[in-house]
Amino acid sequence: MEALMKSLCEAYGPSGEEKEIRALIENAVKDSVDRIYTDNLGNLLAVREGPEPALLLSAHMDEIGVIVTHIDENGFLRIAPVGGVAPHLLLGQRLRFKNGAVGTVYHEKLKELRDLDWSKLYLDLGAGSAAEAKNVAQIGDMACLHQPFDSLNGRYMAKALDDRVGCAILIETARRLAGAPLPQAICFLFSVQEEVGLRGATTAAYSIQPGYGLAVDVTRAGDTPKAPLMEVSLGKGPAIKVKDSSVICSPKVRRFMMEVASQHEIPYQLEVLERGGTDAGAIHLSRGGVPTGALSIPCRYIHTASEMVDAADIQNAVKLLEILCRTSWSEGVS
Ligand SMILES: [Zn+2]
């Protein structure tokens, strides 16, 4: 699973530019499902047939990034965020375009660092002129963070663990379920454009019409020095979401998840995320409403070049998800 996570995290895929990451995921999951297709927005849907209503599992493929807004006569690029990117977290970072071109971000002269905003940032591709820069990048091209995946003492550090870790968990779950009879159909959704407003999950949930939904994504951890209060730590188990800014999870789904975890002695935490959302926000509002939950991987430094998660939390998330898929939701969620 580590090799899978490395390839997923290092792949290019800002919101709306998911072609490369989608191909990787399709290759990794296609042999474990009955059918796989890409929809109009670019969502990848991998389906295990079974009794209806179906269970929709969602993890988003896209990652945060930047988009080129202006190229000056000396070849420096101006950029704007794609998703929730803080300008100060980009200083000195390398960014990579789809064509492999790499640049670094710095700022104009500032009186004070707190004056830093997007208008003061530029991206340097090493170009000597506008023409040279335009050979490499055009207005509207997107770049993502450029960082290797690292394995530390039982923890992983990479860009885009949000939410490639969720994608890896769905792929691994599909592999473990391959060939086994299931109590319900399962649709593994690898969604697009989550970081710009849960857009892929919105249309996918509408067309799939699932009976139940479950998003798998990262959540904040409160276990770093003087961190804002947050009752979630790395290594204490995946988190069963109670609420974030996009969803109040179905109490029935939450109770079901907690019961299954307890029965199988899988550690878990409860998550209240005060700011932030996930695909569950879109799925639960689809059509007449869908009972939806979310399973979160505790993650430090979300939306930076060095997000960090715990390997045991990932293993426990896969364990729980596999059992949840093998259990009847129409009987369990009541
Ligand atoms: Zn996410």
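Owing to the predicted nature of the structure, the values given are computational and were not obtained by experimental measurement.

Note on sheets: strands pair through backbone hydrogen bonds, and any given pair is parallel or antiparallel. Reading around the circumference, 4-5-8-7-6-9 is the order of the six strands in this closed barrel, with antiparallel pairing throughout. Here the average twist between neighbouring strands, direction ignored, is 45°. Bridge count between strand 4 (residues 65–71) and strand 9 (residues 142–145): two bridges; the pairing is antiparallel. In the strand pairing of strand 9, V66 is matched with A143.

Summarising the element assignment, D310 is placed in strand 17 (residues 307–310). Note on D310: relative accessible area 9%, which makes it buried. Here R155 takes part through its side chain, which lies 3.0 Å from a polar atom of the side chain of D310. At a separation of 2.8 Å, a polar atom in the side chain of D310 contacts the main-chain amide nitrogen of A312. Setting aside residues up to four positions removed in sequence, D310 forms contacts with G154, R155, L234 and G235.

In this section: the pairing of strand 7 (residues 102–107). Burial along strand 7 is one-sided: the residues G103, V105 and H107 are buried and none of V102, T104 and Y106 is. The sheet contact formed by strand 6 (residues 94–97) and strand 7 spans three bridges and is antiparallel. Counted as the bridge partner of R96 is V102 from strand 7. Linkage of strand 6 to strand 7, two consecutive antiparallel strands, is achieved through a turn of four residues, within which G100 is found at a positive phi near 95°. Direction of pairing for strand 7 relative to strand 8 (residues 121–124): antiparallel, over a ladder of four bridges. Bridging from a neighbouring strand, T104 pairs with D124 of strand 8.

This next bit is on the environment of G140. Within the fold, G140 resides in the loop between helix 3 (130–136) and strand 9. Sequence-wise, G140 and T69 are 71 residues apart; in three dimensions their C-alpha atoms are separated by 6.4 Å. Leave out the neighbours within four places in its chain, and G140 touches I67 and V68.

The zinc ion binds to the protein through H60 (NE2), D162 (OD), D217 (OD) and D217 (OD), with metal-donor distances spanning 1.9 to 2.6 Å. Classification of the site at the zinc ion rests on its four donor atoms, whose angles at the metal span 51 to 142°, yielding the label irregular. Each donor residue of the zinc ion belongs to the same chain, with the gaps between them written as H-x101-D-x54-D. Of the two residues, D162 sits in helix 4 (residues 161–177) while D217 sits in strand 13 (residues 212–220), which places them 55 residues apart along the sequence. Taking relative accessible area as the criterion, D162 reaches 6% and is therefore assigned buried.

Per the stated rule, a full pass over the model turns up four aromatic pairs. Considering the side-chain rings of F149 and Y156, the 5.3 Å spacing of their centres and the 35° angle between planes classify their relative orientation as tilted. By relative accessible area, which is 7% here, F149 ends up buried. Overall, the relative accessible area of 10% leaves Y156 in the buried class. Taken together, Y212, F256 and W329 form an aromatic cluster joined through their ring pairs.

Packing of helix 1 (residues 2–10) against helix 2 (residues 19–29) leaves a shortest axis separation of 9 Å and a crossing angle of 160°. Judged by the angle between their axes, helix 1 and helix 2 are roughly antiparallel. Crossing angle aside, the handedness with which helix 1 passes helix 2 is left-handed. Each of L4, S7 and L8 in helix 1 lies in contact with helix 2, whose residues at this interface are I21, L24, I25 and A28. When its residues are assigned to classes, the contact of helix 1 with helix 2 shows six nonpolar, one polar and no charged.

Along strand 13, eight of the nine residues are buried, which leaves the element largely enclosed by surrounding structure. The pairing of strand 3 (residues 55–60) with strand 13 spans four bridges and is classified as parallel. When the sheet's bridge partners are listed, L57 is paired in strand 13 with L214. As defined by bridge partners, strand 13 adjoins strand 16 (residues 292–299) across eight bridges and the pair is classed as parallel. Counterpart to T219 in the pairing with strand 16 is P298.

The next point concerns helix 4. End to end, helix 4 covers 23 Å across 17 residues, agreeing with the expected 24 Å (1.5 Å per residue, within 8%). A large share of helix 4 lies buried, amounting to 15 of its 17 residues. Positive phi shows up at G179, right after helix 4, with a value of about 85°.

Turning next to the domain arrangement of the protein chain. Assigned domains of the protein chain: these are domain 1 (2–63 + 159–332) and domain 2 (65–145). Each of domain 1 and domain 2 was reduced to a C-alpha centroid, and the two centroids are 31 Å apart. Listed per partner, the contact involves 14 residues of domain 1 and 13 residues of domain 2. Taken together, both faces of the contact between domain 1 and domain 2 bury some 1200 Å²; the carbon and sulfur share is 61%. At the surface where domain 1 touches domain 2, the tally comes to one salt bridge. The partner of K98 in a salt bridge is E17, and the shortest N-O contact between them spans 2.9 Å. Counting across the domain 1 and domain 2 interface gives four residue pairs in polar contact (both at pLDDT 80 or more). Residue composition of the side of domain 1 that touches domain 2, grouped by class: five nonpolar, four polar and five charged.

What counts as what
- Residues numbered from 1 in each chain as written.
- Predicted model: local features only at pLDDT ≥ 70, side-chain atom pairs only at ≥ 80, totals over all residues.
- Heavy atoms only, no water.
- Pairing = 2+ DSSP bridges.
- Helix = DSSP H or I, 4+ residues; strand = E, 2+ residues; numbered from the N terminus.
- Axes fitted to C-alpha atoms, helices over the stretch in contact; angles between N-to-C directions.
- Buried < 20%, exposed > 50% of the residue type's maximum accessible area, 1.4 Å probe, protein only.
- Polar contact = N/O pair within 3.5 Å; in protein donor to acceptor, adjacent residues only side chain to side chain.
- Contact = heavy atoms within 4.5 Å.
- Donors = N, O, S within 2.8 Å, 3.2 Å for Na, K, Ca; no water.
- Tetrahedral: all angles 85-135°; square planar, octahedral: opposite > 155°, others 65-115°.
- Phe/Tyr/Trp six-rings, centres within 6.5 Å; stacked < 30°, edge-to-face > 60°.
- Parallel < 35°, antiparallel > 145°, perpendicular 65-115°, else oblique.
- Left-handed = near helix turned anticlockwise from the far one by under 90°.
- Nonpolar A, V, L, I, M, F, W, Y, C, P; charged D, E, K, R; others polar.
- Expected span 1.5 Å × (residues − 1).
- Domains from an automatic or database assignment.
- Buried area = accessible area lost by both parts, 1.4 Å probe.
- Salt bridge = Lys/Arg side-chain N within 4 Å of Asp/Glu carboxyl O.

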